[in-house]
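Summary of structural features
Residues per chain, in single letters:
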Amino acid sequence: EKGGYDHFMLKEIHEQPKAISDTLTGRISEDGTKVVFDEVQFPAGFVKDIDRIHILACGTSWHAGMVGKHAIEKLTRIPVDCEIASEYRYRDPIVSKNTLMVVITQSGETADTLAALRQAKEQGTRVLAITNVVGSSAAREADDVIFTWAGPEISVASTKAYTTQLTALYLFAGWLAQERESVGASEVPAILTALRDMPANAEKVLETAPAIQAFAKEWSSREHAFFIGRGLDYAVSLEGSLKLKEISYMHAEAYAAGELKHGTLALIVEDIPVIALVTQDDLYEKTLSNIQEVKARDAFVLALAWSGDQQIAKSVDQVIHIPKVNPFLAPILAVIPLQLLAYYASVARGNDVDNPRNLAKSVTVE
Ligand code: M6R
């Protein structure tokens, strides 16, 4: 049942190219220029009236939502808030008839996310669910549903659910832009081309596994690790850090690289592993200077950078290269080495990878 892999997590990491491809199937027009979302049936006029979007989710799905916020705002200029569901429901969020709520939940059964969904429905807010489970509570209760076609995810640590959630969110951002004829509409055909190439590129990123495994073996005896990045790289850093904590039990922190100097630099000491993400071209120089700040404190820096980036090696100790794509879509590829890192660190530490202590696959209590 594990398809020859030692753990479900590793199997699911390797299933990502197919999962992404399945999530794209039927959602791109034949000429490749438009997003097709027959399942989204907004009332007449609503798509143009939306003036605010609230994304609600927990854990990994919340991290996907942070990328979704960036994507939707960039392509449509609709203001988007992305919030932890358990926080949202206990405050008094500002909503109107033109608010769209998007809930993201792999299982469709997370109690906190469902509570936010139900609260929104009571307020009369339209809810769209992005979920992986047909027939789940979220799928049944939301007004519209976009399924991620990741297939069953068994490992507690979420991997292919995240990359397919990103795929669905990029498609949804593109669809909104195209339907509203917003600023980003002209970028949609190029984004769709890049998305179609994503399964092949994800396949290439999986080839980084031996290098990541060697790094994980060497560094897994450490107690602390840091992940840094700016913009979308920061969103992916949060996910990399959660993954490492969840299954390797190492303490990890994700930091917006520019925020280090506001406190966290105090924790950067000799030989502490820092994983630096540098896929956002417009932020490259800024991130590089943050890398130099941690190098000056003798941290060990592993950078995740585009293939073809020759410059980065001069500033760091080790580089993992990933195939160059539009930086807007980088999170889908950049997360894969971080998933592998968490996986191999967990294995090296002798943990129960698929069933980490104290955690359940689906959190049905509040
Ligand atoms: O099923 P959901 O997407 O609603 O689950 C949300 C979180 O519990 C989940 O993503 C959790 O953070 C994962 N175990 C992380 O790997």
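For every chain, the first residue of the written sequence is number 1, and numbering continues from 1 along that sequence. In keeping with the model being predicted, local features are shown solely for residues with a pLDDT of at least 70 and side-chain atom pairs are shown and tallied solely at 80 or more, while totals for entire chains, interfaces and linings include all residues. Heavy atoms throughout the structure, all of them, feed into the side-chain values; hydrogens and water do not.

Put simply, the test is: UniProt positions are given in the numbering used here, feature names are shortened, and annotations may be inferred rather than shown by experiment.
The protein chain has the name Glutamine--fructose-6-phosphate aminotransferase [isomerizing] in an unreviewed UniProt entry, where Tumebacillus amylolyticus is given as its organism. Regarding the protein chain, the UniProt comment filed under Subunit (unreviewed entry) reads as follows: "Homodimer." According to UniProt, the comment filed for the protein chain under the heading Catalytic activity (unreviewed entry) is "D-fructose 6-phosphate + L-glutamine = D-glucosamine 6-phosphate + L-glutamate".

Things to note about the nonpolar core
Within soluble globular proteins, side chains that are nonpolar generally end up buried alongside one another. Note the threshold: Put simply, a nonpolar core is a bunch of buried Ala, Val, Leu, Ile, Met, Phe, Trp, Tyr and Cys residues held in one set by side-chain atoms that sit within 4.5 Å of each other. Only protein chains enter the calculation, and the probe is 1.4 Å; a residue is then buried if its accessible area is under 20% of its type maximum, exposed if over 50%, and partly exposed in between. A run of H or I in DSSP becomes a helix once it reaches four residues, and a run of E becomes a strand once it reaches two; helices and strands are each numbered from the N terminus. Any two residues having at least one pair of non-hydrogen atoms within 4.5 Å are treated as being in contact.
Ranked by internal contacts, the top residues of the largest apolar core, which has 93 residues, are Phe-42, Ile-53, Tyr-170 and Phe-172. The element best represented in this core is helix α13 (residues 330-348), accounting for 13 residues. Other than its neighbours up to four places away in sequence, Tyr-170 contacts Val-67, Ala-71, Leu-195, Leu-232, Phe-328, Leu-329, Pro-331 and Ile-332. Counting 20 residues, the second-largest nonpolar core is a separate cluster that includes Ala-257, Leu-265, Tyr-284 and Val-294.

So, the side chain of Thr-279
Rule in force here: Between N or O atoms, a polar contact is any pair within 3.5 Å; within protein, one atom must be a potential hydrogen donor and the other a potential acceptor, and residues adjacent in sequence are included only when both atoms are from side chains.
Position of Thr-279 among the secondary structure elements: in the loop between β8 (273-278) and α12 (284-295). Among the polar contacts made by the side chain of Thr-279, one reaches the side chain of Asp-233 at a distance of 2.5 Å. Those residues in contact with Thr-279 that lie beyond four places of it in its chain are Asp-233, Leu-304, Trp-306, Ile-322, Pro-327, Ala-330 and Ala-334.

Quick word on the layout of surface pockets
Applied cut-off: Residues are called lining when one of their atoms sits within 4 Å of a cavity or pocket point, these points coming from a 1 Å grid over the protein atoms alone, where a cavity is a set in which a 1.4 Å probe fits but cannot get out and a pocket is an open set with protein on both sides within 12 Å along at least five of seven lines. Grid points are joined across faces, edges and corners, and a volume is the space filled by probe spheres set on the points. Three classes are used, and their members are as follows: Ala, Val, Leu, Ile, Met, Phe, Trp, Tyr, Cys and Pro are nonpolar, Asp, Glu, Lys and Arg are charged, and the others, Gly among them, are polar.
A volume near 550 Å³ is recorded for the largest pocket. Listed by contribution, the elements that provide at least two residues to the lining of the largest pocket are α4 (59-76), β3 (99-105), α6 (111-122), α8 (160-180) and α11 (232-248). The residue makeup of the lining of the largest pocket, split by class, is eight nonpolar, 11 polar and five charged.

Focus: the packing of aromatic side chains
Applied cut-off: Two rings from Phe, Tyr or Trp (for Trp, the six-membered ring) form a pair when their centres sit within 6.5 Å of each other. Planes less than 30 degrees apart are called stacked, planes more than 60 degrees apart edge-to-face, and all others tilted.
Taken as a whole, this structure holds 10 aromatic pairs when the rule is applied. Between Phe-42 and Phe-46, the ring centres sit 5.1 Å apart and the planes meet at 90 degrees, which makes this aromatic pair edge-to-face. In this pair, the class of Phe-42 matches that of Phe-46, namely buried. Judged by centre distance (5.7 Å) and plane angle (70 degrees), the ring pair of Phe-42 and Trp-175 falls under edge-to-face. With Phe-42 in the loop between α2 (16-24) and α3 (46-49) and Trp-175 in helix α8, this residue pair connects regions lying 133 residues apart in the sequence. You'll find Phe-42 and Trp-175 in the same group, each marked buried. Three or more aromatic residues joined by ring pairs form one cluster here, namely Phe-37, Phe-42, Phe-46, Phe-172 and Trp-175.

Considering the pattern of salt bridges
Side chains that carry opposite charge are capable of pairing whenever their charged atoms lie near each other. Threshold: Take a side-chain nitrogen of Lys or Arg and a carboxyl oxygen of Asp or Glu: if they are within 4 Å of each other, that pair is a salt bridge.
Under the defined criterion, the tally for this structure stands at 17 salt bridges. Asp-22 is the partner of Lys-18 in a salt bridge, and the nearest nitrogen-oxygen pair spans 2.7 Å. Pair noted here: Lys-18 and Asp-22 are both in helix α2, with a separation of four residues, about one helical turn. Classification of Lys-18 by relative accessible area gives exposed; the value is 55%. The salt bridge partner of Glu-73 is Lys-69, with a shortest N-O separation of 3.3 Å. With Glu-73 and Lys-69 both in helix α4, this residue pair falls four residues apart, about one helical turn. Residue classification places Glu-73 among the partly exposed positions, given a relative accessible area of 24%. Among the residues examined, Lys-69 registers a relative accessible area of 28% and is labelled partly exposed. Through salt bridges that share partners, Lys-11, Glu-15 and Lys-160 make up one connected network.

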